[in-house]
Amino acid sequence: MRVGYIRLMVEIGGAKFGGERLALIAGPCVAESLDLCRQIAETMRSICARFDIPYVFKASFDKANRSSGASRRGPGIDAGLEVLSRIRSEFDLPVTTDVHEPSQCAPVAEVVDLLQIPAFLCRQTDLLEAAARTGRAVNVKKGQFLAPEDCKNIVVKLESAGCNQILLTERGTTFGYRALIVDMAGIPVMRSFGCPVVFDATHSAQRPGALGDQTGGHRESIPTMASAAVAAGVDAIFMEVHPDPENAWSDAATQWPLGQAEALLRSLVRIRQALRDS
């Protein structure tokens with residue numbers, strides 16, 4: 001099967017990625033509780049409706065790559081999928097979550113609209129093929145160790161296994177110890193493989209392992225990087241948001257405050273509109 005260099009539109013539960021509008025994937029890092037997810041889904045759905053932003057809700061049922069084995073990982077697959085199912089039905093939103101093993105793909109695909117492949121697992125052929133075979137759209141986060149050009153191999157693996165609804169996500173590149181940088185020139189390279197490109201604004205602000213047994217980061221850099229990514233032509237933004245980031249179960253240093261989400265998205269939509277008008 002030929003890699004599609006023209007296809008740039010992916011529709012996920014009615015949310016279009018790759019069109020004129022900037023799309024959004026957002027939610028808490030971990031599905032800490034149904035009440036928390038409801039609060040975030042309701043708030044973000046309302047904001048996105050005002051700005052005409054296609055929106056997919058995200059929450060993880062398990063964070064299998066925590067810095068410390070003692071860190072909280074999440075509610076587990078059964079409880080996590082129940083939360084996602086409730087959010088999907090109650091708020092009429094498409095939803096997504098991570099999968100870490102091939103055996104998780106089929107049961108997760110029964111609940112979610114989009115399967116997400118974590119960056120550390122982006123080259124795991126068995127996992128990619130299992131995700132592709134579900135018939136769901138697949139979002140692959142580019143590993144911190146990959147060049148943008150290497151994403152072509154990811155696309156080929158997915159297409160060869162029958163998936164043609166593919167998103168690629170830029171989430172920063174390792175730059176020495178405990179530091180990430182974002183190569184904005186890589187965004188058009190990733191788009192050249194025919195897939196909408198998402199920019200992960202919150203994980204790109206991380207400083208892996210910087211707190212010893214936890215990942216640190218610079219939350220204040222998120223607006224600058226997100227603005228630059230929109231100006232560089234990304235099709236969507238990924239953000240982890242939380243009403244109380246400092247007490248979040250995971251990624252406390254870089255989750256974006258829920259109360260500040262509207263102001264940030266307003267700014268990003270204006271940049272997108274300026275590009276369309278230029």
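So, how was this worked out
Residues numbered from 1 in each chain as written. Predicted model: local features only at pLDDT ≥ 70, side-chain atom pairs only at ≥ 80, totals over all residues. Heavy atoms only, no water. Helix = DSSP H or I, 4+ residues; strand = E, 2+ residues; numbered from the N terminus. Rg over C-alpha atoms; globule rule 2.2 N^0.38 Å. Buried < 20%, exposed > 50% of the residue type's maximum accessible area, 1.4 Å probe, protein only. Contact = heavy atoms within 4.5 Å. Areas by Shrake-Rupley, 256 points an atom, 1.4 Å probe, with all protein chains shown as cover. Lys, Arg positive; Asp, Glu negative; His and termini not counted. Charge placed at Lys NZ, Arg CZ, Asp CG, Glu CD. Expected span 1.5 Å × (residues − 1). Arc of directions from axis to C-beta. Core = buried A, V, L, I, M, F, W, Y, C linked by side-chain atoms within 4.5 Å.

Quick look at the overall build of the protein chain
When helices and strands are counted, the protein chain shows eight helices and 15 strands. Over its C-alpha trace the protein chain gives a radius of gyration of 17 Å, about what one expects of a compact globule, namely 19 Å for 278 residues. Referenced to the eigenvectors of the C-alpha coordinate spread, the extents of the protein chain come out at roughly 45 × 45 × 45 Å. Taking all 278 residues of the protein chain together, the buried fraction comes to 55%. Nonlocal contacts in the protein chain, meaning residues at least 24 apart in sequence, comprise 69% of its contacts between residues at least 6 apart. For the protein chain, the computed accessible surface area is about 11300 Å², with 48% contributed by carbon and sulfur atoms. Distance between charge centroids for the protein chain: 3 Å, based on 30 positive and 32 negative side chains.

Structural notes on the environment of Met44
When you line up the elements, Met44 lands in helix H1 (residues 34-51). Not counting residues within four places of it along the chain, the set of residues in contact with Met44 comprises Leu24, Ala26, Tyr55, Val241, Leu258, Ala261 and Leu265.

Quick look at the environment of Val189
Residue position: Val189 is located in helix H6 (residues 186-191). It is 9.7 Å that separates the C-alpha atoms of Val189 and Ala147, two residues lying 42 residues apart in sequence. Once residues lying within four places of it in the same chain are set aside, the contact partners of Val189 are Pro148 and Glu149.

So, helix H8 (residues 261-277)
An ideal rise of 1.5 Å per residue puts 24 Å on 17 residues; H8 measures up with 24 Å between its terminal C-alpha atoms. For H8, the full list of buried residues reads Ala261, Leu264, Leu265, Leu268 and Arg272. Looking straight down H8, one finds its buried side chains confined to an arc of 95°; they lie on one side. The exposed set on the far side of H8, more than 90 degrees from its buried face, consists of Arg270 and Asp277. Looking at the packing, one finds that the buried side of H8 touches strand E3 (23-27), H1, helix H7 (222-231), strand E14 (236-242) and strand E15 (256-257).

Looking at the nonpolar core
Ranked by size, the top nonpolar core spans 75 residues in total, and within it Leu24, Met44, Phe57 and Ile237 carry the most contacts. Here this core takes nine residues from H1, the largest share from any one element. Ignoring sequence-local partners within four residues, the contact set of Phe57 consists of Ala26, Gly27, Pro28, Cys37, Ile40, Ala41, Leu84, Ile87, Leu93, Pro94, Val95 and Thr96. If you look at the next biggest cluster of nonpolar residues, it comprises 13 residues, including Ile12, Phe17, Val56 and Ala236.

Quick word on the side chain of Thr254
Within the fold, Thr254 resides in the loop between E14 and E15. Residue Thr254 is classed as buried on the basis of its relative accessible area of 2%. Once you skip the residues sitting within four places of it in the chain, Thr254 turns out to touch Thr202, Ala205, Gln206, Gly216, Gly217, His218, Arg219 and Ile222.

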